[in-house]
Amino acid sequence: MAAILFLQAFVLLVFFTEYGIASDRGRLVQDLFQNYDKSNRPVKKESSVVNVTFGLHIVQIHGLDEVKQILSMTAWHTMQWHDEFLTWNPKEYGDVTEIRIHPNTLWKPDVRMYKAVYPDDVIHYSDILARSDGFMWWVPSYRQWSTCSTQLNSDTQKCTVVFGSWTFHGFAVDLYPAAPAADVSSMTLSHEWELVAADAERKVVIYDCCPDTPFHNVVYHLQLRKIKAAPVQGGAVHHSEL
């Protein structure tokens, strides 16, 4: 009998603990988005700039069509920014310090690949991690196709992949690379191309139409080297090691 009472008490404790967290979290989300307008930049002063940190994590180089001049790859995009309207005091919401929000619910940077050949194939449109201090972190993943100025009959190729805000100039949204180069720590190695370098650069562009308005891009300079096949005994062919 004592064991049954203990089990009942334990179940009730777990239930009320979980219910309390869910209640605090639900109340927090309701309060945060009661008057939230996702069509406006997340700043309280119109003159303020939204600083966005952008990182490229290359998962796989699928191929480079040297004749059509198209580079195909799968990559994660990491974006970090601050939302001045999505801050809260965790003590008022059961010590909830972070929540996860569907990306269609709030403002997010409209960063696009500028030299895309085809529309992005969204692999995973992940939730956005929001912290109580207004820090936002988003990591969607895509299959993408970019133009690449190739040199025919060359074992090395250089592709420039450009990312930037599609609608905002630099006085509204500023863009910075998250690291000096793309992250390739999780990349699946290609049997055809070796990625030699993937340096990142922050570039400020001035267009003829708007000489006083900067547009900020993050540019990745990809250097690719063709992997040569080497013959082995028995007439079989293997690829030289990377």
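Since the structure is predicted, the reported quantities are computational estimates derived from the model, not experimental observations.

Some points on the confidence of the model for the protein chain
Alright, step 1. When pLDDT is averaged across the protein chain, the result is 87; 85% of the residues are at 70 or more.
Alright, step 2. Within the protein chain, the lowest mean pLDDT, 41, falls on strand S14 (residues 237–239), and the highest, 98, falls on strand S7 (residues 135–138).
Alright, step 3. This stretch, residues 235–242, has a pLDDT under 50; its non-local contacts, to residues over four places away or in other chains, come to 18 contacts.

Quick notes on the pairing of S7
Alright, step 1. On S7, burial follows the alternation: Met 136 and Trp 138 on one face are buried, whereas Phe 135 and Trp 137 on the facing-out side are not.
Alright, step 2. Here four bridges tie strand S2 (residues 70–82) to S7, and the two strands are oriented antiparallel to one another. Along S7, the bridge assignment pairs Gln 80 with Trp 137.
Alright, step 3. Where strand S6 (residues 128–131) meets S7, two bridges bridge the pair, whose relative direction is antiparallel. Residue pairing across strands places Ala 130 opposite Met 136, the latter belonging to S7.
Alright, step 4. Here S6 folds back onto S7, and the loop between the two strands holds three residues, one of which, Gly 134, carries a positive phi near 95 degrees.

A few points about the pattern of salt bridges
Alright, step 1. In the structure shown here, the tally under the stated rule is nine salt bridges.
Alright, step 2. With a shortest N-O distance of 2.7 Å, Asp 174 and Arg 202 are connected by a salt bridge. With a gap of 28 residues between them, Asp 174 in strand S10 (residues 173–177) and Arg 202 in strand S11 (residues 193–206) connect regions that are remote in the sequence.
Alright, step 3. In this structure Asp 174 comes out as buried when scored by relative accessible area, which is 8%.
Alright, step 4. Overall, the relative accessible area of 32% leaves Arg 202 in the partly exposed class.

Observations concerning the sheet that holds S11
Alright, step 1. Within the open sheet, the four strands sit side by side as S4-S9-S12-S11. Their pairing is antiparallel. A strand with exactly one partner marks an edge of an open sheet, and here the two such strands are strand S4 (111–113) and S11. The mean inter-strand angle of the sheet, taken between neighbouring strand axes irrespective of direction, is 20 degrees.
Alright, step 2. Relative to strand S12 (residues 214–226), strand S9 (residues 156–165) runs antiparallel, the two sharing nine bridges. Opposite Val 162, over in S12, you have Val 219 as the bridge partner.

Some thoughts on the state of the cysteines
Alright, step 1. For the structure shown, the criterion picks out one disulfide.
Alright, step 2. Each sulfur of the disulfide joining Cys 148 and Cys 159 lies 2.0 Å from the other. Measuring handedness by torsion sign, the sulfur bridge of Cys 148 and Cys 159 sits at about -80 degrees and is left-handed. A residue pair is termed long-range when its members are at least 10 positions apart, and Cys 148 in the loop between strand S8 (141–147) and S9 and Cys 159 in strand S9 qualify at eleven residues. You'll find Cys 148 and Cys 159 in the same group, each marked buried.

Considerations on the packing of aromatic side chains
Working definition: an aromatic ring pair is given by the centre-to-centre distance plus the angle between the planes.
Alright, step 1. Taken as a whole and judged by the stated rule, the model has ten aromatic pairs.
Alright, step 2. Relative to Phe 163, the ring of Phe 54 lies with its centre 4.8 Å away and its plane at 35 degrees, an arrangement referred to as tilted. Residue Phe 54 is located in strand S1 (residues 50–65), and its partner Phe 163 is located in strand S9; the two are separated by 109 residues in the primary sequence.
Alright, step 3. Relative to Phe 168, the ring of Trp 107 lies with its centre 6.2 Å away and its plane at 55 degrees, an arrangement referred to as tilted. Taken together, the residues Trp 107 in the loop between strand S3 (98–101) and S4 and Phe 168 in the loop between S9 and S10 connect sequence positions 61 residues apart.

Some thoughts on the nonpolar core
Alright, step 1. Counting 48 residues, the largest nonpolar core has Phe 54, Leu 56, Ile 58, Leu 71, Trp 81, Tyr 220 and Leu 222 as its most contacted members.
Alright, step 2. Counting residues per element, this core draws most heavily on S1, which supplies seven residues.
Alright, step 3. Other than its neighbours up to four places away in sequence, Leu 222 contacts Ile 58, Leu 71, Gln 157, Lys 158, Cys 159, Val 161, Leu 195, Ala 197 and Ala 198.

Some thoughts on the environment of Asp 133
Alright, step 1. The residue Asp 133 is located in the loop between S6 and S7 in this model.
Alright, step 2. Residue contacts for Asp 133: discarding those within four places in its chain leaves His 82 and Thr 87.
Alright, step 3. A distance of 2.9 Å separates a polar atom in the side chain of Asp 133 from a polar atom in the side chain of Arg 131.
Alright, step 4. Here the side chain of Asp 133 touches Phe 135 through a polar contact of 3.1 Å, landing on its backbone nitrogen.

Rules used throughout
Residues numbered from 1 in each chain as written. Predicted model: local features only at pLDDT ≥ 70, side-chain atom pairs only at ≥ 80, totals over all residues. Heavy atoms only, no water. pLDDT = per-residue confidence, 0-100. Helix = DSSP H or I, 4+ residues; strand = E, 2+ residues; numbered from the N terminus. Contact = heavy atoms within 4.5 Å. Buried < 20%, exposed > 50% of the residue type's maximum accessible area, 1.4 Å probe, protein only. Pairing = 2+ DSSP bridges. Salt bridge = Lys/Arg side-chain N within 4 Å of Asp/Glu carboxyl O. Axes fitted to C-alpha atoms, helices over the stretch in contact; angles between N-to-C directions. Disulfide = S-S within 2.5 Å. Phe/Tyr/Trp six-rings, centres within 6.5 Å; stacked < 30°, edge-to-face > 60°. Core = buried A, V, L, I, M, F, W, Y, C linked by side-chain atoms within 4.5 Å. Polar contact = N/O pair within 3.5 Å; in protein donor to acceptor, adjacent residues only side chain to side chain.

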